[in-house]
Amino acid sequence: MNNWLNQHRQAIKLVLSRMRSNKLPTFMICLVIAVAMCVPGLFYLGVDHLSKFTNHIQNETEISLFLKLDADKDAVSDIDAVLAKNNAIKQFHLVTKAQAWKELKSKTEINNATDSKISELDKNPLPDAFFIQAKSAEPEALESLKNELEKIPGVEHALLNTDWAKRLSALLSLGKKIILFITVLLALALLVVIGNTIRMQILTQKDEVVVSKLIGATNSFIRMPFLYAGIIYGLLGGLLATIMLVLVVKLFNLSVSDLSNLYSSDFSLPLINGQLFLGIISFAIFIGWLGSYLAVSRSIASIKID
Amino acid sequence: MIKFDQVTKRYPGSNEALRNVSFNIEAGELVFVTGHSGAGKSTLLKLIAAIERPTSGTVLIANQNISKLKSSAIPFMRRRFGLIFQDHKLLYDRNCFENVILPLHINGITGLEAAKRVRAALDKVGLLHKEKAMPITLSGGEQQRLAIARAVVSRPSILIADEPTGNLDASYAADIMAIFHAFHQVGVTIIIATHDALGMSAIQSRALHLDHGVLKQAEFTQNEHSTS
């Protein structure tokens, strides 16, 4: 056990001292890993944030029921009774045309929409409306409820406000698939790059491999420093990738904050995403290990002693 | 300890390097393998060190058949040997101390214990004061002594040397032979391949003479000069 630990410690020490004497090439390979990890990481961060955002909206599904403009108080209370009886509805509330008018006016004042023609209107153009929350969040159930409500006499139009959110989330799930695809491609490229780097290292350390074999080193002993080199490249590359991610997100948030202020929204990407960072680092380590493992097994077998 | 029985070794696309070679080396013996170059001396040593496998016949090392060893067991077999080569096979990217410690690391020995044994080995070959020097700065004879230190540091029971004095002038060669003799005195089995009779004449020993891959009469050297 102690032996085993010692061998690993020796291997790591050897790798670190080799890296110290080859700082620039080491940094280069780590940079390659970092960039390749950073790109899908960044996309993921964006898509993930957007999809959380849309999920949130989808959970708040509302059906807006607009009544005919000429609907009077009796018609409104009739519809109120119909809605109360429908057991697919969790809750609903009425916004009368007067309330809606007032709200609209106050909103335009806040937004300083001086060029808006709303203030020039002398007659309220808005209908009475019911805002309905269904018990189910299933798109099909909502659709049929919407159709059902639309048939109630006195109703002009029923609107399901989640249509655009649904479309966006479909788009986002496509985006996630594309990210997966990019990640796989970049991982393959990384495997090749790391494998090649390790193969070159083995060739430059060929004498050492031959001598070690001659004096009774097992293949796993010879492999160990090269595997650790791959792992350490992965670790450093992964760390560098997370640093780059944080910087890019910070820059992005700075420039997007101006834009989102105009839309009076506070959209920004979270700076630290522990799960993603951990995922990136462990994935980079895995790729580093796998790349060097593939290279080492073949190269060491091909070095003949004589 | 080492037993060859009807061993033939043929390399692809060439004649037989060894033909029907049989001999027996007891523990603690000092044996010279002699013959002109190309006679099969190196092949014989490679068969002993499990670097090559015989085409036919059996090689037994400590009652283990080399041909039947699994490839995963071969590294452990090789640790019984200390190997010394004509071209030293030192690692020129590290200093003397680090060269000698390599077999100990392979055996999982590190730290103070390893350092103690490395210094003991360097002391035996007279290179203790050069432990921080890079091998490239050493003379040919010193490099060969460093290679010997590396071969003996893990205290193997068998030392195998292929032309250890091949590139050295007479006084260096005598130094090297004296070191081998000292190890022989403490019971190490030593097998030395050499084409020059100069070194071996000083020590009473057995010689295996190879001629075009055939073992001629194994003979004892009778020159009993006082060993200097």
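Residues numbered from 1 in each chain as written. Chains lettered and ligands numbered in written order. Predicted model: local features only at pLDDT ≥ 70, side-chain atom pairs only at ≥ 80, totals over all residues.

Caption draft 1: Geometry of helix α8 (residues 219-262) of chain A. In this model α8(A) runs 64 Å from its N-terminal to its C-terminal C-alpha over 44 residues, within 8% of the 64 Å that 1.5 Å per residue would give. By the largest-angle criterion, Val256(A) marks the main kink of α8(A), which is about 35°. (Helix = DSSP H or I, 4+ residues; strand = E, 2+ residues; numbered from the N terminus. Expected span 1.5 Å × (residues − 1). Bend = angle between axes of the 7 residues up to and from the residue.)

Caption draft 2: View of helix α4 (residues 111-124) of chain B. Residue and element names in this part refer to chain B. With 14 residues, α4 should reach 20 Å at 1.5 Å per residue; the first-to-last C-alpha distance of 20 Å fits that figure. By the burial criterion, the buried members of α4 are Ala114, Val118, Ala121 and Leu122. Viewed along the axis of α4, the buried residues span an arc of 100°, placing them on a single side of the element. In α4, the exposed positions that point more than 90 degrees away from the buried face belong to Leu112, Glu113 and Lys116. Tucked inside the fold, the buried residues of α4 contact α3 (96-106) and α5 (140-152). Gly126 sits one or two positions beyond α4 and adopts a positive phi of about 75°. (Buried ≥ 20, exposed ≤ 12 C-beta atoms within 10 Å, placed from the backbone. Arc of directions from axis to C-beta. Contact = placed C-beta atoms within 7 Å.)

Caption draft 3: Molecular detail of the pairing of strand β1 (residues 63-67) of chain A. All names here are of chain A. Judged by which residues are buried, β1 turns out to be one-sided: Ile63, Leu65 and Leu67 face inward and are buried, whereas Ser64 and Phe66, on the alternate face, are not. In terms of strand pairing, β1 meets strand β3 (residues 129-134) through four bridges, oriented antiparallel. Looking at the pairing, Ser64 lines up with Phe131 of β3. (Pairing = 2+ DSSP bridges.)

Caption draft 4: Quick look at the domain arrangement of chain A. Domain annotation of chain A identifies domain 1 (2-57 + 166-302) and domain 2 (62-161). Each of domain 1 of chain A and domain 2 of chain A has a C-alpha centre, and the two are 52 Å apart. (Domains from an automatic or database assignment.)

Caption draft 5: The packing of α8(A) against helix α9 (residues 274-302) of chain A, seen in detail. All names here are of chain A. Close contact between α8 and α9 brings their axes to 7 Å; oriented N to C, the two are set at 150°. With respect to α9, the axis of α8 lies roughly antiparallel. Once α8 is placed against α9, the crossing between them reads as right-handed. A per-class count over the contact of α8 with α9 returns 20 nonpolar, nine polar and one charged. (Axes fitted to C-alpha atoms, helices over the stretch in contact; angles between N-to-C directions. Parallel < 35°, antiparallel > 145°, perpendicular 65-115°, else oblique. Left-handed = near helix turned anticlockwise from the far one by under 90°. Nonpolar A, V, L, I, M, F, W, Y, C, P; charged D, E, K, R; others polar.)

Caption draft 6: Inspection of the interface of chain B and chain A at higher detail. Contacts between chain B and chain A engage 14 residues on the former and 16 residues on the latter. For the side of chain B that touches chain A, the secondary-structure elements that each account for two or more residues are α2 (74-78) and α3 of chain B. Broken down by element, the residue count for the side of chain B that touches chain A peaks at four residues, all from α3(B). A breakdown of the residues in the side of chain B that touches chain A according to their chemical character gives eight nonpolar, three polar and three charged.

Caption draft 7: Region of interest: the sheet that holds strand β5 (residues 64-65) of chain B. Residues and elements named next belong to chain B. Across the sheet, which stays open at both edges, the four strands sit in the order β2-β1-β4-β5 with antiparallel pairing between neighbours. The sheet is open, and its two borders are formed by β2 (16-25) and β5, each paired with just one other strand. The strands that helix α1 (residues 41-48) touches are β1 (2-10), β2 and β4 (56-61); relative to β1, the one it contacts most, it runs at about 125°.

Caption draft 8: Unusual backbone geometry, seen in detail. All names here are of chain B. Look at Gln6: it is not a glycine, yet its phi comes out positive at around 55°. The residue Gln6 is located in strand β1 in this model. What makes Gln6 exposed here is the crowd of 12 C-beta atoms within 10 Å.

Caption draft 9: Structural context of the nonpolar core. Judged by nonpolar contacts, the single largest core of 102 residues is most densely connected at Ile33(A), Ile48(B), Ile84(B), Ala149(B), Leu159(B) and Ile160(B). Other than its neighbours up to four places away in sequence, Ile33(A) contacts Leu190(A), Tyr233(A), Gly234(A), Gly237(A) and Ala284(A). (Core = buried A, V, L, I, M, F, W, Y, C linked by C-beta atoms within 7 Å.)

Caption draft 10: Quick peek at the sheet that holds strand β4 (residues 155-160) of chain A. All names here are of chain A. Spatial ordering of the open sheet is given by β2-β3-β1-β4, a layout of four strands whose pairing is antiparallel. Of all the strands in the sheet, just β2 (89-95) and β4 have a single pairing partner and so form its edges. Strand after strand, the sheet turns through a mean of 20° between neighbouring axes, direction not considered. Where β1 meets β4, five bridges bridge the pair, whose relative direction is antiparallel. Bridging across to β4, Leu65 finds its partner in Ala158. Taken strand by strand, helix α3 (residues 73-85) contacts β1, β2, β3 and β4, and its axis lies near 165° from that of β2.

Caption draft 11: Main features of the environment of Phe92(A). Residues and elements named next belong to chain A. With respect to the helices and strands, Phe92 occurs in strand β2. Classification of Phe92 by C-beta neighbours within 10 Å gives partly exposed; the count is 19. Every residue in contact with Phe92, bar those within four places of it in the chain, is listed here: Leu83, Phe130, Phe131, Ile132 and Gln133.

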